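Secondary and tertiary structure notes
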Amino acid sequence: MKIVFISPDDFAPWRKPLRLNIPEADVFAWGVDSIDENEIDYALVWKPAPGLLARFRNLKGIINLGAGVDALLQDHTLPQAVPLVRLVDERLTSGMVEYMVHWVLHFHRDLHVYARQQRARVWTQHDNADTQKRRVGILGLGELGQGCAHALLMLGFESLSGWSRTPKDLPGVRSFAGEDGLKPFLRQCEILLCLLPHTAATQGLLNAETLAELPQGAFIVNAGRGGLVVDDDLIAALESGHIAAAALDVFNTEPLPDDHPYWAMDNVFVTPHIASLTTPMSSSEIIAKTIRALENGEAPDNLVDFDQGY
Ligand code: NDP
Ligand code: OXD
């Protein structure tokens, strides 16, 4: 079996975990090893150049080395008959849970206010909000959204809700779904966590009209994708104070351009797409499981639905 690794990231940390988990495979690094494209069975990819995957004529599977497949699906030459699997990994989920819980607690406990006070040498105490009553909403109740919901419930955030395409029956989480459910969902979110994939249906979902539905002084954390947000509309809402603060990990253009207003806004916290990172050791086990399923003629977990775009 022959596997190609195509990623802007270094192959070195992957070599040993892949050898341990798929000993029967020869793994080649694109751009480093010499490769006969027709002999490759599986491609492990993160943001391959558009058109590249179409050159591998005999692929049995494409495995995305991240959860979001939006960049891949923009490649109109992507072979649609080849199963495409996205990464679902407990380590990826726990990384996202840490990121989201951090920001929920940060905003819930007014740490953004105390940071401003410190710079102005101001000693003023504010009441601590009631965790049980703090209304936290999660856009996207998939693998990552549900992981975050679970962790927040454990911390006592009992006024929790979520929005997804299909309704969910999750203990402790009020479910909103579909287009009709979006505005009622937003109206009751004091802290909004965005964990939607970027698809044709979610492009620009957070815009002037939808942001206006959030309560005055709401907080936003976006670790889904930058394309969910109309930046000018979010900036206007942050400047007016309608949105009190935002923590943003993903952007319409990455890296975030030097002259982007987000860098200089004191109610915006920018991180460079690190909310959760793929870990070679744990991911290699999942890649091995996916390949075994495909080799046995079984449907692997986490197949991407090309029509839905995630
Ligand atoms: P899943 O596919 O498991 O979950 C996606 C969720 O979004 C589902 O609940 C789905 O609804 C919902 N959804 C999709 N389209 C719509 C729509 N049109 N309307 C309403 N709900 C919709 O994905 P993951 O949880 O694994 O990952 C989510 C995203 O997080 C990734 O696509 C990626 O963009 C981002 N990500 C970011 C990282 C970072 O470091 N910043 C790291 C990893 C992922 P339903 O349940 O009904 O299908
Ligand atoms: C992503 C990832 O989809 O890193 O952003 O998994």
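In the block above lies the structure referred to throughout.
Heads up: these notes are all about the structure in this document. (Residues numbered from 1 in each chain as written. Chains lettered and ligands numbered in written order. Predicted model: local features only at pLDDT ≥ 70, side-chain atom pairs only at ≥ 80, totals over all residues. Heavy atoms only, no water.)

1. Remarks on unusual backbone geometry
Peptide bonds are, in most cases, trans, and in most cases residues other than glycine have a negative phi. Definition in use: The helix count covers DSSP runs of H or I at least four residues long, the strand count covers runs of E at least two residues long, and both are numbered beginning at the N terminus. Exposed residues in this analysis have more than 50% of their type's maximum accessible area, buried residues have under 20%, and partly exposed residues fall in between, with area computed by a 1.4 Å probe over protein chains only.
The peptide bond linking E254 to P255 adopts the cis configuration, its omega dihedral lying at -5°. Position of P255 relative to the elements: it lies in the loop between β11 (243–248) and β12 (268–270). At D110, a residue that is not glycine, the phi angle is positive and equals roughly 60°. When you line up the elements, D110 lands in the loop between α3 (90–108) and α4 (111–119). For D110, a relative accessible area of 18% puts it in the buried group. The phi angle at H273 is positive, at roughly 50°, despite the residue not being glycine.

2. Here's the deal with the state of the cysteines
Formally: The criterion for a disulfide is a pair of cysteine sulfur atoms lying within 2.5 Å.
In this structure the tally under the stated criterion is zero disulfides. C148 carries a free sulfur, and the closest cysteine sulfur to it, the one in C194, is 11 Å from it. The class of C148 is buried, set by a relative accessible area of 0%. Cysteine C189 is unpaired, with the sulfur of C194 as its nearest cysteine sulfur at 9.1 Å. Judged by relative accessible area, which is 0%, C189 ranks as buried.

3. Things to note about the site of ligand 1
Test applied: Summary of the distance rule: residues count as near a molecule or strand when at least one heavy atom falls within 4 Å of that molecule or strand. Within 3.5 Å is the distance limit for a polar contact, defined as a pair of N or O atoms, with the added protein rule that one can donate a hydrogen and the other accept it, and that residues adjacent in sequence qualify only through two side-chain atoms. Computed with a 1.4 Å probe, the accessible areas rest on the Shrake-Rupley method; for each residue, only the protein chains presented here act as cover. Side-chain classes follow a simple rule in which Ala, Val, Leu, Ile, Met, Phe, Trp, Tyr, Cys and Pro form the nonpolar group, Asp, Glu, Lys and Arg form the charged group, and the remainder, Gly included, forms the polar group. What marks off one domain from the next here is an automatic or database domain assignment.
Neighbouring ligand 1 are 28 residues; R86, T166, K168, D249 and Y310 lie closest to it. Contact distances for ligand 1 include 2.8 Å between an oxygen atom and a side-chain N or O atom of R86. Taking S276, its main chain carries an N or O atom lying 3.0 Å from an oxygen atom of ligand 1. In the complex, 92% of the free accessible area of ligand 1, which totals 930 Å², lies under the protein chains. Those elements that provide at least two residues to the shell around ligand 1 are α5 (143–154) and β7 (159–164). Looking at the shell around ligand 1, its residues break down into 13 nonpolar, nine polar and six charged. The two domains that each donate at least three residues to the shell around ligand 1 are domain 1 (2–89 + 278–295) and domain 2 (90–270).

4. Let's talk about the environment of L211
Short version of the rule: Contact between two residues is taken to exist if any of their heavy atoms lie within 4.5 Å; hydrogens are not considered.
Relative to the elements of secondary structure, L211 occurs in helix α7 (residues 208–211). Sequence separation of L211 and P300 is 89 residues, and the distance between their C-alpha atoms is 38 Å. Not counting the four nearest positions on each side in its chain, L211 is found in contact with L206, I220, D233, L234, A237 and H242.

5. Some points on the packing of α3 against α5
When two helices pack together, their arrangement is given by the angle between the helix axes and by the axis-to-axis distance. In plain terms, the rule: Angular values range over 0 to 180 degrees, each being the angle between N-to-C directions of two axes fitted as lines to C-alpha atoms, with helices fitted over their stretch in contact. An angle counts as roughly parallel when it lies under 35 degrees, as roughly antiparallel when it exceeds 145, as roughly perpendicular when it falls between 65 and 115, and as oblique in every other case. Here a crossing is taken to be left-handed if its near helix is turned anticlockwise relative to the far helix by less than a right angle, and right-handed if that turn runs clockwise.
Two elements in contact, α3 and α5, have axes separated by 9 Å at closest approach and are oriented at 55°. Accordingly, the angle class assigned to the pair α3 and α5 is oblique. Where α3 crosses over α5, the handedness of that crossing is right-handed. Along its contact with α3, which presents L92, T93, M96, V97, M100, V101 and V104, the element α5 presents E143, L144, G147, C148, A151 and L152.

6. Structural notes on the packing of aromatic side chains
Which entries qualify depends on this criterion: Planes of paired rings set the category: under 30 degrees apart is stacked, over 60 is edge-to-face and the rest tilted, where pairs are Phe, Tyr or Trp rings (Trp by its six-membered ring) whose centres lie within 6.5 Å.
In the structure shown here, the tally under the stated rule is 10 aromatic pairs. Look at F5 and W14: their rings are 5.6 Å apart centre to centre, the planes differ by 50°, and that puts the pair in the tilted class. The residues F5 and W14 share a single accessibility class, namely buried. Between W103 and F269, the aromatic rings sit 5.0 Å apart at their centres with planes inclined by 45°, giving tilted as the arrangement. Taken as a pair, W103 in helix α3 and F269 in strand β12 lie far apart in primary sequence, 166 residues in all. Taken together, the aromatic side chains of Y99, W103, F107, F219 and F269 make up a single cluster linked through ring pairs.

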